[in-house]
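Structural overview for review
Residues per chain, in single letters:
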Amino acid sequence: MNDNRVKLEDIMMASHVLKDVVTHTPLQKNYILSERYGCHVYLKREDLQVVRSFKIRGAYHMIRSLPDERLAKGVVCASAGNHAQGVAFSCKALEIPGKIYMPTTTPRQKISQVKLFGGEFVEVLLSGDTFDDSLREAVACAEREGMTFIHPFEDPKVVAGQGTVGMELVTDMREPVDFVFGGIGGGGLMAGVGIYVKSISPATRVIGVEATGAPSMSQSLEAGGIVTLGEIDKFVDGTAVKRVGELNYEIVREVVDDIVVVPEGKVCTTILELYNENAIVAEPAGALPVAALDFYREQIAGKHVVCIISGGNNDIDRMQEIKERSLIYEGLKHYFMVNFPQRAGALREFLEFVLGPNDDITRFEYTKKTSKENGPALVGIELKHKEDYLPLLKRMDERGLQYSEINKDPYLFNLLI
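What this report covers is the structure whose coordinates are included nearby. Keep in mind that this is a model prediction, so the values were computed, not measured.

So, about the overall build of the protein chain. For the protein chain, the count of helices and strands is 18 helices and 14 strands. Along the first, second and third principal axes, the C-alpha set of the protein chain runs to 80 × 50 × 40 Å. The buried share of the protein chain, taken over its 417 residues, is 52%. Across the protein chain, every contact between residues at least 6 apart in sequence was considered, and the portion connecting residues at least 24 apart equals 74%. When the 47 positive and 58 negative side-chain charges of the protein chain are each reduced to one mean point, those points stand 2 Å apart.

In this section: the layout of surface pockets. Estimates place the volume of the largest pocket at around 1,300 Å³. What lines the largest pocket is a set of 47 residues, among which Ala-80, Phe-131, Asp-237, Gly-238 and Ala-240 lie closest to the centre. Every element with two or more residues in the lining of the largest pocket is listed here: α5 (82-94), α7 (131-145), α9 (188-200) and α13 (284-291). Ranked by residue count, the leading element in the lining of the largest pocket is α7, at three residues. Taken together, the residues that form the lining of the largest pocket break down as 16 nonpolar, 19 polar and 12 charged. Approximately 450 Å³ is the volume attributed to the second largest pocket. Lining of the second largest pocket is provided by 13 residues; of these, Arg-325, Ile-328, Asn-407, Phe-413 and Asn-414 occupy positions nearest its centre. For the lining of the second largest pocket, the elements supplying multiple residues, two or more each, are α12 (264-278), α15 (319-329) and α18 (410-416). Broken down by element, the lining of the second largest pocket gets its largest block of residues, five residues, from α15.

The next point concerns the side chain of Ser-216. Checked against the element boundaries, Ser-216 lands in helix α10 (residues 216-223). What makes Ser-216 buried here is its relative accessible area of 0%. Setting aside residues up to four positions removed in sequence, Ser-216 forms contacts with Gly-185, Glu-210, Val-227, Leu-229, Val-241, Lys-242, Arg-243 and Val-244.

Attention now moves to the packing of aromatic side chains. Summed over the entire model, instances satisfying the criterion amount to nine aromatic pairs. Considering the side-chain rings of Tyr-335 and Phe-413, the 6.3 Å spacing of their centres and the 75° angle between planes classify their relative orientation as edge-to-face. Of this pair, Tyr-335 sits in strand β11 (residues 333-339) while Phe-413 sits in helix α18, and the two are 78 residues apart along the sequence. An angle of 40° between the planes, with centres 6.1 Å apart, marks the rings of Phe-340 and Phe-364 as tilted. Highlighted residues: Phe-340 in the loop between β11 and α16 (346-354) and Phe-364 in strand β12 (residues 360-366), separated in sequence by 24 residues. A cation sits over an aromatic face here: Arg-318 above Phe-235, 4.7 Å from the ring centre.

Looking now at the pairing of strand β3 (residues 75-78). On a regular strand, each side chain points to the face opposite its neighbour's, so the side chains alternate between the two faces of the sheet. The side-chain alternation of β3 yields two buried faces, one formed by Val-75 and Cys-77 and the other by Val-76 and Ala-78. Where β3 and strand β4 (residues 98-102) come together, four bridges link them in parallel fashion. In the sheet register, Cys-77 faces β4, and the bridge partner there is Ile-100. In this fold, β3 hands off to α5, which returns the chain to β4; that crossover is right-handed. As paired strands, β3 and strand β6 (residues 148-149) are joined by two bridges and run parallel to one another.

Criteria and cut-off values
Within each chain, residue numbers correspond to sequence positions counted from 1 in written order. Whole-chain, interface and lining totals are the exception, using all residues; otherwise, since this is a predicted model, local features are given only for residues with pLDDT of at least 70 and side-chain atom pairs are given and counted only at 80 or more. Side-chain figures throughout are based on the complete set of non-hydrogen atoms in the structure, without hydrogens or water. Think of it this way: any DSSP run of H or I at least four residues long counts as a helix, any run of E at least two long counts as a strand, and we number them from the N terminus. Burial classes follow relative accessibility: with a 1.4 Å probe on protein chains only, a residue under 20% of its type's maximum area counts as buried, one over 50% as exposed, and anything between as partly exposed. Whether two residues are in contact is decided by their heavy atoms, any of which lying within 4.5 Å being enough. Within this scheme the basic residues Lys and Arg register as positive and the acidic residues Asp and Glu register as negative, but His and the chain ends are omitted. By convention, the charge on Lys lies at NZ, on Arg at CZ, on Asp at CG and on Glu at CD. Lining residues are defined by having an atom within 4 Å of a point belonging to a cavity or pocket. Those points lie on a 1 Å grid over the protein atoms alone, cavities being sets where a 1.4 Å probe fits but cannot get out and pockets being open sets with protein on both sides within 12 Å along at least five of seven lines. Grid points are joined across faces, edges and corners, and a volume is the space filled by probe spheres set on the points. Amino acid classes used here: Ala, Val, Leu, Ile, Met, Phe, Trp, Tyr, Cys and Pro are nonpolar; Asp, Glu, Lys and Arg are charged; the rest, including Gly, are polar. Side-chain rings of Phe, Tyr and Trp, where Trp is taken by its six-membered ring, are said to pair if the distance between their centres is within 6.5 Å; with planes under 30 degrees apart they count as stacked, over 60 as edge-to-face, and otherwise as tilted. Whether a charge sits over a ring depends on NZ of Lys or CZ of Arg being within 6 Å of the ring centre and within 35 degrees of the ring normal. When DSSP finds at least two bridges between two strands, those strands are taken to pair. Note on handedness: a clockwise path from strand one over the helix to strand two, with the strands aimed away from the viewer, defines a right-handed crossover.

What is shown is where atoms sit, not what they do.
In structure tokens, the structure reads:
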């Protein structure tokens, strides 16, 4: 390691600071995934952390490092999720005041969790519609009131704290680790994990994972410098950042061997599989590393692989959307705009001659509220097997139906579905 800002000994010291505060989370061999990929897959269960994510490590370590006079003035942060909970927990544990800025769009459940962990020591302030709005307010508050701003990833103390995840997994593994997969948002987790893992086991390949809708680190590495993304898909909210940390970018360039970019639909499939097969509740960012295994199937065959399940703060209200995205990605759900012939019995013929024996209509609505017989209909069809898709199209063509596939039109899909 050439980076002189975060070293192996910094992570070891952070571990000492955190030992009585955070949970040393289990490293569990997963037999279902091991059999599926023909290797030895272990899950580092940060979803079982005291605040159900790794973020408490960096937040507490950063806050605990402050001198007493700064602690007394309190801390402030901006977050819509796991970082807020980590800071709130730290404030209560250290009995210091904290202000946490969250967007007004933050789900009530997340706000309640922050208040639960922070208790009387934390004040939650809802500001703006986006994280960036809350961030501006939090930074202004810190300057105005002399409080210390706690960044979610761009700080050496935060990186060292997150690096203790790597220290634990290397310590707990009885066999040499061949691969470590972990999600990348701002980069703090994999910067810290990468520093420790590469220092102890240089042969281990460290693989970062991003979602297709927010590939800020991979694009920065390709460009040879940090880029700020314009629009991002916020679905994998734990890693959805427009700009990675400068410190983390420099570290990741050295210690991360590759970055896999995974479609959000694949992440959704993985969330459902982890829940149905293993009773693991993973948030989208927590499922990213497991979702990446499909893209590394050949390289990991026969190897010892660790996936960091970074968090389990998944809102139950999102499960319907998760299922929908998964079905679409797997080729099992398709939406069409269909112009039915203007004659009696056209819909009945569609059901009888076009729809396959295992196909199911999950959505049907006319696009016109009046004169329905003169307007197209939005039809959602769920297949039992993705191989049934082309036969379905063939039957629609044979019946002379005029239709458009909404799945292939991003504008129409976002507008209608």
